[in-house]
Amino acid sequence: ELEKGDNLFEIYQKGFLPYSANLDVKNIFYMARSARIDLKNFALNSENRRILKRFDGKFEKEIIPFSKFNKKDENFVSFCAEYFAVRHGKKVMPRERLLFLLNSGLISDIAIYKDDGIPKAYVFLVSDQEMSHFWFSFYDISLVYQSLGMYLMVDAAKVAFDADKKYLYLGTVYAEKALYKTNFDNLEYWTGHQWSGNTKKLKSR
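In this text, all values refer to a predicted model and were calculated from it rather than measured experimentally.

### Some remarks on the overall build of the protein
In step 1: Looking only at helices and strands, one finds 6 helices and 10 strands in the protein.
In step 2: Reported as C-alpha extents along the three principal axes, the dimensions of the protein are approximately 40 × 40 × 30 Å.
In step 3: Out of the 205 residues in the protein, the part that is buried amounts to 47%.
In step 4: Of the side-chain charges in the protein, 31 are positive and 26 negative, and the distance between the mean point of each set is 5 Å.

Below is the structure:
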């Protein structure tokens, strides 16, 4: 349970992630097979560079502190809800859960990517001075099969590295759909006891 005075960095360090599946439960973290990038020696690999090149110069990016972001903007809420409904199904991120996330008190910043002034992607970030968590991303459905999701994650890693963060947390790595997260060097995952850099074993699991 997240209580006043708790240190987010220490909670994530112990393998916990924010829990948001039950809207009646607040301020709870759960232990999961999560993944993170150790940013100490972070460098873009060939796959990262290939993805960045695909979208290089395409977007205007702005990272807005959540306290200054208009979370009640209906265009923004509808954009995010529609993305999840089409991409993952209406039951995964109903409007109620989206509003729950926005009112959780955990989001520190929202990254907005625009093309000619029109929002094409949003990323919810949970950050403190030592780490960032790429919590959720929402983007234009027409760009789904162009690896935009991976681009957003690579860009978040660059931003976290430039801000001298120690880690960027990427969420869970369970199903095959999470394999794209292994395209980072210095990736670690939580085994339930410790952080492991054995991505070969992670892929087999």
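### Observations regarding the nonpolar core
In step 1: Ranked by internal contacts, the top residues of the largest apolar core, which has 70 residues, are F124 and F138.
In step 2: Here this core gets 9 residues from one element, more than from any other, and that element is helix α5 (residues 148–162).
In step 3: Setting aside residues no more than four positions away along its own chain, F124 makes contact with F76, L98, L102, I107, D109, I110, H133, F134, W135, F136 and F138.

### A closer look at helix α3 (residues 74–87)
In step 1: The first and last C-alpha atoms of α3 sit 20 Å apart over 14 residues, in line with the 20 Å expected at 1.5 Å per residue.
In step 2: Taken residue by residue, α3 has F76, V77, F79, C80, A81, Y83 and F84 as its buried positions.
In step 3: Where α3 is buried, its residues contact α4 (95–102), β5 (109–115), β6 (118–127) and β7 (131–139).
In step 4: Measuring from the backbone nitrogen of N75 back to the side-chain oxygen at the start of α3 gives 3.0 Å, which picks out D73 as the cap.
In step 5: Positive backbone phi, approximately 105°, marks G89, located one or two places after α3.

### A look at the packing of aromatic side chains
In step 1: Going through the model one piece at a time under the given rule, you end up with 26 aromatic pairs.
In step 2: Their ring planes at 50° and their centres at 4.8 Å tell us that F124 and F138 sit as a pair that is tilted. Pair noted here: F124 is in strand β6 and F138 is in strand β7, with a separation of 14 residues, a long-range link.
In step 3: Residue F124 is classed as buried on the basis of its relative accessible area, which comes to 0%.

### Regarding unusual backbone geometry
In step 1: Unusually for a residue other than glycine, D164 sits at a positive phi of about 60°.
In step 2: Tracing the sequence through the fold places D164 in the loop between α5 and β8 (167–172).
In step 3: Classification of D164 by relative accessible area gives exposed; the value is 66%.
In step 4: Its identity is not glycine, yet N186 carries a phi of approximately 60°, on the positive side.
In step 5: In this structure, N186 sits in the loop between β8 and β9 (187–190).
In step 6: Judged by relative accessible area, which is 34%, N186 ranks as partly exposed.

### Considering the sheet that holds strand β4 (residues 60–65)
In step 1: Here 8 strands make up an open sheet; going across it, the order is β4-β5-β6-β7-β8-β3-β9-β10 and the pairing mixed. Lying at the two open borders of the sheet, with one neighbouring strand each, are β4 and β10 (195–196).
In step 2: In this structure, β9 lies alongside β10, joined through 2 bridges in antiparallel fashion. If you follow W190 over to β10, its bridge partner there is W195.
In step 3: The strands touched by α3 are β5, β6 and β7; relative to β7, the strand with the most contacts, the crossing angle is about 85°.
In step 4: Across the sheet, α5 lies against β3 (34–38), β4, β5, β6, β7 and β8, angled at about 155° from β7, the strand it touches most.

Basis of the calculations
- Residues numbered from 1 in each chain as written.
- Predicted model: local features only at pLDDT ≥ 70, side-chain atom pairs only at ≥ 80, totals over all residues.
- Heavy atoms only, no water.
- Helix = DSSP H or I, 4+ residues; strand = E, 2+ residues; numbered from the N terminus.
- Buried < 20%, exposed > 50% of the residue type's maximum accessible area, 1.4 Å probe, protein only.
- Lys, Arg positive; Asp, Glu negative; His and termini not counted.
- Charge placed at Lys NZ, Arg CZ, Asp CG, Glu CD.
- Core = buried A, V, L, I, M, F, W, Y, C linked by side-chain atoms within 4.5 Å.
- Contact = heavy atoms within 4.5 Å.
- Expected span 1.5 Å × (residues − 1).
- Polar contact = N/O pair within 3.5 Å; in protein donor to acceptor, adjacent residues only side chain to side chain.
- Phe/Tyr/Trp six-rings, centres within 6.5 Å; stacked < 30°, edge-to-face > 60°.
- Pairing = 2+ DSSP bridges.
- Axes fitted to C-alpha atoms, helices over the stretch in contact; angles between N-to-C directions.

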